[in-house]
Amino acid sequence: MDEVLARIDSERDRSISDLKDLLRIPSVSSRPDHSADMARAAEWLRARLEAMGLETRICETPGHPIVYAEWLSAPGKPTVLIYGHFDVQPVEPLDEWSSDPFEPVEEGGNLIARGANDDKGQMFTHVRAVEAWLSETGSLPVNVKFLIEGEEEIGSPNLPAWLRENREMVKADVVAISDTSQFGPGYPSVCTGLRGIATFEMRVKTGQSDLHSGTFGGAVPNAIQVMTDILASFHTPEGAVAIEGFYSDVVEPTEEERASWARLPRSDEQFMREAGTRSLWGEPGRTSIERTWSRPTLEIVGVTAGHQGPGHKGIVPATAVARFSTRLVPEMDPERVVRLVQSHVAKRTPPGAEVSAVCGHGARGTLIPADSKWVQAAKRALAVGFGKEPVFIREGGSIPIVNLFQGELGMPCLLLGYGLPDDRIHGPNEKFSMADFQSGTRTNAALLAELAAL
Ligand code: BES
Ligand code: MN
Ligand code: MN
């Protein structure tokens, strides 16, 4: 083990330079014009895993390809499935980046590029850990399977069907995922919960086409007015979600979990600093940790309506579109939430307007029991990799497929995230600490040894 860790340290520069090659491929899954880049990123990973001595294949789906690889020469030992994603979010607004998002730069101990953290950088810590074991010892302490998909950022639309078809191939005792964050610098973390999600597109139509605002304004319905009235009705003035029944399935965290969160050093000031805001907002009577980890929320994410170009235009707009999403706690059924939202919208649709709210994608949240032997092994691995006892956290984000792994496929998941809350994932100047890249790689290497001992 020590030799493997030493090798990880000594091969740092080459690892970072290899990761940069992957980061240079603009694998944006939501953009059809990047589909060749998706194929290129998949092939890059496949070739890399093949060169390390794994058996590999590219699996085509109706969408973007999946990279699968395996090393199964540890009979009698557990099998770990390593899941990650090589697709990234779009980079716009480009002018807010201080360097090219697909030309990684090192600055202040960080690697800056789209995907540096989410999830190329984090996923690559597993590739590197396995590589270090293989090149140092010629084998692995456990059986390893890699499943690296290209559609996580668009809700993993094709992965469930593919997993059901390839159930035997991907079967494992435990799933390891590095696609979350640490609580903060110096707080290596085991994540025990993710929120679910349901996304919506709401279309409003009040007439056939835009009208002259002098002739008709103030005397006929305005689509933007209808839309903003409905959007405003989603929350109480105090900040709770006002959709009837929205909170009815929510289960409070245990006393023990709440007590452990209360011990975490997170001040409102620090949270605002990470967010870059000057105030907090949300459900009354809840801390920011509770609001993001154990309470459901609703966020308006985009509005397209009315006059956008330069100057003024005297119109009564006839159509408007809004996008919003709900983040759900694990107990909440996304399909039920869709029905609640739709009936809320229907009740607030004024006469003469047509309003539809259609769900884009939905996924349940996840809870991971902290006392399982798998989580305890992960905890020990983090202590080895970071030289510090980890804390237990949840996260407010979503990884849609985790629920299928844990539920239908019966495979417990481990969320070992090495990012930081201010890494600006999905935003401009996304970063990842190269020291955490190294500590994460050491943790993953130690994890394989810890799992072998179970
Ligand atoms: N890695 C994130 C999930 C995440 C973010 C976990 C922050 C913990 C903290 C993942 O790539 C992601 O962005 N997920 C999407 C899922 C959606 C597209 C269905 C999300 O959370 O919005
Ligand atoms: Mn991710
Ligand atoms: Mn993401």
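Residues numbered from 1 in each chain as written. Chains lettered and ligands numbered in written order. Predicted model: local features only at pLDDT ≥ 70, side-chain atom pairs only at ≥ 80, totals over all residues. Heavy atoms only, no water.

### A short note on the nonpolar core
Now for step 1: Core analysis: the largest hydrophobic core is formed by 93 residues, its most contacted members being Val130, Phe146, Trp162, Leu163 and Phe405.
Now for step 2: The next biggest cluster of nonpolar side chains, apart from the first, holds 30 residues, and it includes Val250, Ala305, Leu340 and Ala353. (Core = buried A, V, L, I, M, F, W, Y, C linked by side-chain atoms within 4.5 Å. Buried < 20%, exposed > 50% of the residue type's maximum accessible area, 1.4 Å probe, protein only.)

### Observations regarding the coordination of the manganese ion (ligand 2)
Now for step 1: The coordination sphere of the manganese ion (ligand 2) contains the protein donors His85 (NE2), Asp118 (OD), Asp179 (OD) and Asp179 (OD), at a distance range of 2.0 to 2.4 Å.
Now for step 2: One way to put it: the six donor atoms around the manganese ion (ligand 2) meet at angles of 57 to 166°, and that makes the site irregular.
Now for step 3: Here the donor residues of the manganese ion (ligand 2) share one chain and are spaced in sequence as H-x32-D-x60-D.
Now for step 4: A distance of 3.6 Å spans the gap from the manganese ion (ligand 2) to the manganese ion (ligand 3), which Asp118 bridges by coordinating each metal. Of this pair, His85 sits in strand E3 (residues 79-85) while Asp118 is found in the loop between strand E5 (110-112) and helix H4 (120-137), placing the two residues 33 residues apart along the sequence.
Now for step 5: For His85, a relative accessible area of 0% translates into the label buried. (Donors = N, O, S within 2.8 Å, 3.2 Å for Na, K, Ca; no water. Tetrahedral: all angles 85-135°; square planar, octahedral: opposite > 155°, others 65-115°. Helix = DSSP H or I, 4+ residues; strand = E, 2+ residues; numbered from the N terminus.)

### Looking at the packing of aromatic side chains
Now for step 1: Following the criterion strictly, the structure yields eleven aromatic pairs and no others.
Now for step 2: On the basis of an interplanar angle of 80° and a centroid distance of 5.8 Å, the ring pair of Phe183 and Tyr187 is categorised as edge-to-face.
Now for step 3: For Tyr187, a relative accessible area of 29% corresponds to the partly exposed category.
Now for step 4: Judged by centre distance (5.2 Å) and plane angle (85°), the ring pair of Trp261 and Trp293 falls under edge-to-face. Note that Trp261 is positioned in helix H8 (residues 255-262) and Trp293 in helix H10 (residues 288-293), a separation of 32 residues in sequence. As far as burial versus exposure is concerned, Trp261 and Trp293 are alike and both buried. (Phe/Tyr/Trp six-rings, centres within 6.5 Å; stacked < 30°, edge-to-face > 60°.)

### Quick word on the side chain of Ser433
Now for step 1: Summarising the element assignment, Ser433 is placed in strand E19 (residues 431-433).
Now for step 2: Polar side-chain contacts of Ser433 include one of 3.2 Å to the backbone nitrogen of Ala435.
Now for step 3: Here the side chain of Ser433 touches Asp436 through a polar contact of 3.0 Å, landing on its backbone nitrogen. (Polar contact = N/O pair within 3.5 Å; in protein donor to acceptor, adjacent residues only side chain to side chain.)

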